[in-house]
Amino acid sequence: MVKTKEEIEKIRVACRICKLILIELGKILKEGITTYDIEMQAEKLFKEHKVAPAFKDYRGYPFMLCVSVNEEVVHGLPSKEKVLKEGDIVSIDIGAIYEGYYSDCADTFPIGKISVEHKKMIDVARESFNRCLSLVVPGKRTGDIGSVIEAFVKQNKFSVVKDFTGHGIGKELHEYPDVPNFGKHGTGALLKENMIIAIEPMITEHSASVRILDNGWTVITNDGGFSAHYENCVLIKEGGPEILTKN
Ligand code: MF3
Ligand code: CO
């Protein structure tokens, strides 16, 4: 779980390209396109940047991207039938492999004008990530991260999804440790210098109760409330964390 200099360098490249593609995909989003159009654009960008998609065929996952719209929390399947409309919020989750090393990041984008409440939820997901960063240092624990994320989300009257967590990342997409978006200070896995973790708050506007659709993948809220997702890979260093999925 602690990475060598050489490994960090490769993961850094994977992460930089992954975020670059995510930003490019964010730019094509507009009313009238389908979530499958986003998948097609991603295919082109993966080729252009000479990285492999990390999710395709991972445990049988059938696409390169997860595109989760509105009440879909994570693992939304790109679809030619799913046409984006004004007021939607779209989370794109993407992973890239460079020379055998993984990266993973996600963000939630508005389609046209969205409600004030949904805009705030997207901001709170991002800000909950920013707020935990001071605790992403050697000697702290995953529970310290989760505790800060959970408290900030609750303070803002949103809910944290507890059924899925962040994770270590490296030669595999999901490595030790799990990084929950909830918890207690001083508990959980110990953070060490040169570990790399994906921190990914998934939050909902009402209840955090979720279920999986019959397609076996897509996670949706039970009450139909909308959900936002934000994810970055972070390198743990003495002097403070380095966000790797950054451009
Ligand atoms: N960011 C997601 C995760 O960490 C991506 C996995 S999607 C999958 O779980 F399809 F590949 F499973
Ligand atoms: Co992830």
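Computed from a prediction, not measured in an experiment: that's the story for all the values here.

S.K.: Which parts of the structure should I look at to understand the pairing of strand β4 (residues 89–98)?
M.R.: It is a general feature of regular strands that their side chains alternate between the two faces of the sheet. Burial runs high along β4: nine of the 10 residues are buried. Two strands pair when backbone bridges link them, and strand β1 (residues 52–53) and β4 are joined in this way by two bridges, in the antiparallel orientation. Following the sheet pairing, Ala52 is matched in β4 by Ile97. Strand direction decides the pairing type here: strand β2 (residues 65–69) and β4, joined by five bridges, are antiparallel. For Val69, the partnering residue across the bridge sits in β4 and is Val90. Note: β4 against strand β5 (residues 101–110), 10 bridges, orientation antiparallel. What sits directly across from Ala96, in β5, is Ser103. In sequence, β4 turns back onto β5 through a hairpin of two residues, with Glu99 there showing a positive phi of about 45°.

S.K.: Looking at this model, I keep getting lost on the packing of helix α3 (residues 116–132) against helix α4 (residues 142–155). Mind explaining?
M.R.: Between two packed helices, the angle of one axis relative to the other and the distance separating the axes together describe the packing. Across the interface, α3 lies against α4 with an axial gap of 9 Å and an inter-helix angle of 145°. For α3 against α4, the interelement crossing comes out right-handed. Listed contacts from α4 to Val124, Glu127, Ser128, Arg131 and Cys132 of α3 are Ile145, Val148, Ile149, Phe152 and Val153. Among the residues making up the contact of α3 with α4, the classes are represented as seven nonpolar, one polar and two charged.

S.K.: Where do I start with the sheet that holds strand β15 (residues 242–243) in this structure?
M.R.: Either a parallel or an antiparallel arrangement is found when strands of a sheet pair, and the pairing is made through backbone hydrogen bonds. Within the open sheet, the five strands sit side by side as β8-β7-β9-β14-β15. Their pairing is antiparallel. The open sheet is flanked by β8 (175–179) and β15, the only strands paired with a single partner. When strand β7 (residues 166–168) meets β8, the two strands line up antiparallel, connected through three bridges. Its bridge partner lying in β8, His167 is registered against Asp178.

Conventions adopted
- Residues numbered from 1 in each chain as written.
- Chains lettered and ligands numbered in written order.
- Predicted model: local features only at pLDDT ≥ 70, side-chain atom pairs only at ≥ 80, totals over all residues.
- Heavy atoms only, no water.
- Buried < 20%, exposed > 50% of the residue type's maximum accessible area, 1.4 Å probe, protein only.
- Helix = DSSP H or I, 4+ residues; strand = E, 2+ residues; numbered from the N terminus.
- Pairing = 2+ DSSP bridges.
- Axes fitted to C-alpha atoms, helices over the stretch in contact; angles between N-to-C directions.
- Left-handed = near helix turned anticlockwise from the far one by under 90°.
- Contact = heavy atoms within 4.5 Å.
- Nonpolar A, V, L, I, M, F, W, Y, C, P; charged D, E, K, R; others polar.

Any link to function would need more than the numbers given here.
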